[in-house]
Amino acid sequence: MSSTKTPFYYGGVAEENYFCNRVEEIEVVKKDINNGLNILIYAPRRFGKTSLVLKALKELNNRYIFIDLMGITDEIEFINAYFNAISISLETTTEKTVRYFKKVLKIRPNINITFDMEGSPSYSLSFTKSEKGNVLEEIMNIPFEHAKHSKEKPIVVLDEFQEVSKLNLEEKLRSLIQLHGNKVSYIFLGSKKSIMQKLFFNKNSAFYKSVKHLPIKGIASSEWSSFIKKGFKNNGKKISDKFIKNILSISKGFPYYTQQIAYELYNSCEPASAVDDIKMKETLRSVLDREEDLFLQEWENLSINQRKALKLIITANGENLYEGKIMDQFNMNSSILKKAVEGLVNKDVIDKSGKRYYMQDPMFEYYLHERLL
Ligand SMILES: Nc1ncnc2c1ncn2[C@@H]1O[C@H](COP(=O)(O)OP(=O)(O)OP(=O)(O)O)[C@@H](O)[C@H]1O
Ligand SMILES: [Mg+2]
């Protein structure tokens, strides 16, 4: 095993040498933010949304407030996540942070501070139920009030924004955000396409046409190729084009899986050695073993007809699903298939590109191919 640091990484935010490409997307984010637009980015889980936005924000140098809404279950938790993110963005001592809020807030909630094992503070507020509405408004207005009295234009990132649809807060958020014009920029990130589309593209929804949608694709094969090759070569190991192609044909450029396979493959090579067929095969087996529980759970969450439809889609390579022969093979008719396909789209399992259906998660597809079909 090599003693040098592995040149690949997966799990958290990809930064610095672990970050591959996305040059065009970063430029667009920076330009749109500078022009005062609000941006919407949605892509499947583990696709690199957070990494992309954080990289663009670091390059922009504006003050930013990053709120992760994953796991938020009610309005009070939402307010506290917002409040904590603003507090952290001030980048100062706890005493100065408290003093700042005492100055800017008209309401007088109690400010609580707790510390984690590393001594990093976490901020929250105590207030009565009747104060909830006012507190939300005041907290969300802080970046705007700050922008009015300074030359700064703060950026607020709402990550995993689909979660607000469970809180019934859309109308209220929209009405506040609307008043902030181009003084505060908002970036809405989400990993559930079906919900994000309902929130932003439905004529009756609160956020209809309030943002510029920035579609993001997988990272191009040519970019990944040089990234992977360099990672091996700079550390004295070797990978031939054949195996890089093999990785990319499975990961389809999906960032998390490309990094995961590259990482495991790199670690399976002794120092100064090269990838071979056996190492490739073993790596893929261990990656599938590790993801198996998750994929089985996802599989079990599907109805019988959705499972059949998924098998049909994979077999037909996503095209001409309603041809008699293929439907006969899976014992389905067009109305049952149509309903199952709709269900799979709503569950964000599949998506459509042009006339072709494809699975959102390429490793899930590979798993089904290898172990269930
Ligand atoms: N530009 C990139 N270059 C290289 N690897 C990347 C890049 N972006 C993302 N990754 C890989 O994908 C993983 C997931 O990235 P990230 O957390 O940014 O995705 P996400 O879409 O925000 O995921 P989630 O929906 O789970 O929050 C990273 O740990 C990294 O391995
Ligand atoms: Mg994320």
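These figures come from a predicted structure and were not determined experimentally. (Residues numbered from 1 in each chain as written. Chains lettered and ligands numbered in written order. Predicted model: local features only at pLDDT ≥ 70, side-chain atom pairs only at ≥ 80, totals over all residues. Heavy atoms only, no water.)

**Focus on the confidence of the model for the chain**
Inclusion rule: pLDDT is defined as a per-residue confidence score from the predictor, taking values between 0 and 100. Secondary structure is summarised from DSSP: a helix means a run of H or I of at least four residues, a strand means a run of E of at least two, and numbering begins at the N terminus for each.
Put simply, the chain has an average pLDDT of 94, and 99% of its residues get 70 or more. Mean pLDDT values for the elements of the chain range from 92 in helix H4 (residues 94-104) up to 98 in helix H9 (residues 241-251).

**So, helix H12 (residues 304-315)**
Condition: For a helix, the expected span equals 1.5 Å multiplied by the residue count minus one. Think of it in three bands: with a 1.4 Å probe and only protein chains considered, a residue is buried below 20% of the maximum accessible area for its type, exposed above 50%, and partly exposed in between.
For H12, spanning 12 residues, the distance from its first C-alpha to its last is 17 Å, which sits close to the expected 16 Å at 1.5 Å a residue. Turning to H12, its buried residues are Gln306, Arg307, Ala309, Leu310, Leu312, Ile313 and Ile314. In the segment just after H12, asparagine 317 is the residue with positive phi, at about 55 degrees.

**Topic: the site of ligand 1**
Put simply, the rule is: To be near a molecule or strand, a residue needs just one of its heavy atoms within 4 Å of it. In the analysis that follows, any N or O atom pair within 3.5 Å is treated as a polar contact, provided that within protein one partner can donate a hydrogen and the other can accept it, and provided that, for residues neighboring in sequence, both atoms belong to side chains. For the accessible areas, the method is Shrake-Rupley and the probe is 1.4 Å, while residue cover comes only from the protein chains on display.
Near ligand 1, the surroundings consist of 24 residues, among which Tyr9, Gly12, Cys20, Arg45 and Ser51 are the closest. Serine 51 places a side-chain nitrogen or oxygen 2.5 Å from an oxygen atom of ligand 1. Considered on its own, ligand 1 offers 630 Å² of accessible surface; in the complex 94% of this is hidden by protein. When residues of the shell around ligand 1 are traced back to their parent elements, those giving at least two are helix H2 (49-60) and helix H10 (255-268).

**What to know about helix H14 (residues 334-346)**
The α-helix advances 3.6 residues per turn, and as a result positions three or four apart in sequence lie on the same side. How we decide: What the arc describes is the spread of directions from the helix axis to the C-beta atoms. Contacts are assigned to residue pairs with any non-hydrogen atoms lying within 4.5 Å of each other.
With 13 residues, H14 ought to run about 18 Å at 1.5 Å a step, and its terminal C-alpha atoms sit 18 Å apart, in line with that. Leu337, Ala340, Val341, Gly343 and Leu344 are the residues of H14 that are buried. Mapping the buried residues of H14 onto a view down its axis gives an arc of 160 degrees, with all of them on the same face. For H14, exposure combined with an orientation more than 90 degrees from the buried face picks out Ser335, Lys339 and Asn346. Tucked inside the fold, the buried residues of H14 contact H12, helix H13 (324-329), strand S8 (350-353) and strand S9 (356-359). For H14, the N-terminal cap is asparagine 333; the gap from its side-chain oxygen to the backbone nitrogen of serine 335 is 3.1 Å.

**Examining the pairing of strand S3 (residues 110-115)**
Put simply, the rule is: The rule for pairing is simple: two strands pair if DSSP sees at least two bridges between them.
Taken across its 6 residues, S3 has 0 buried, putting it largely on the surface. Summarising the sheet, S3 and strand S4 (residues 121-126) pair through 6 bridges and their orientation is antiparallel. Residue pairing in the sheet places isoleucine 111 in a bridge with leucine 125 of S4. If you look at the hairpin formed by S3 and S4, you'll find 5 residues sitting between the two strands, and glycine 119 has a positive phi there, around 85 degrees.

**Examining the domain arrangement of the chain**
The cut-off we apply is this: Each domain's extent was defined by an automatic or database domain assignment. The quantity reported as buried area is the accessible area (1.4 Å probe) lost by two parts once they are put together, taken as the sum for both. For this document, the term salt bridge refers to a Lys or Arg side-chain nitrogen within 4 Å of an Asp or Glu carboxyl oxygen. Residues are grouped as follows: nonpolar covers Ala, Val, Leu, Ile, Met, Phe, Trp, Tyr, Cys and Pro; charged covers Asp, Glu, Lys and Arg; every other residue, Gly included, is treated as polar.
Here the chain is partitioned into domain 1 (22-213), domain 2 (221-298) and domain 3 (302-372). Put simply, the middle of domain 1 and the middle of domain 2, counted by C-alpha atoms, are 36 Å apart. At the interface, 5 residues of domain 1 touch 6 residues of domain 2. Counting the surface lost from both domain 1 and domain 2, the interface buries some 450 Å², and carbon and sulfur atoms represent 61% of this. Here domain 1 and domain 2 share 1 salt bridge between them. Where glutamate 291 meets arginine 46, a salt bridge forms, and the shortest distance between an N and an O atom there is 3.5 Å. In this structure, the connection of domain 1 to domain 2 is made through 1 residue pair in polar contact (both at pLDDT 80 or more). Here the residues of the side of domain 1 that touches domain 2 are counted per class, giving 2 nonpolar, no polar and 3 charged.

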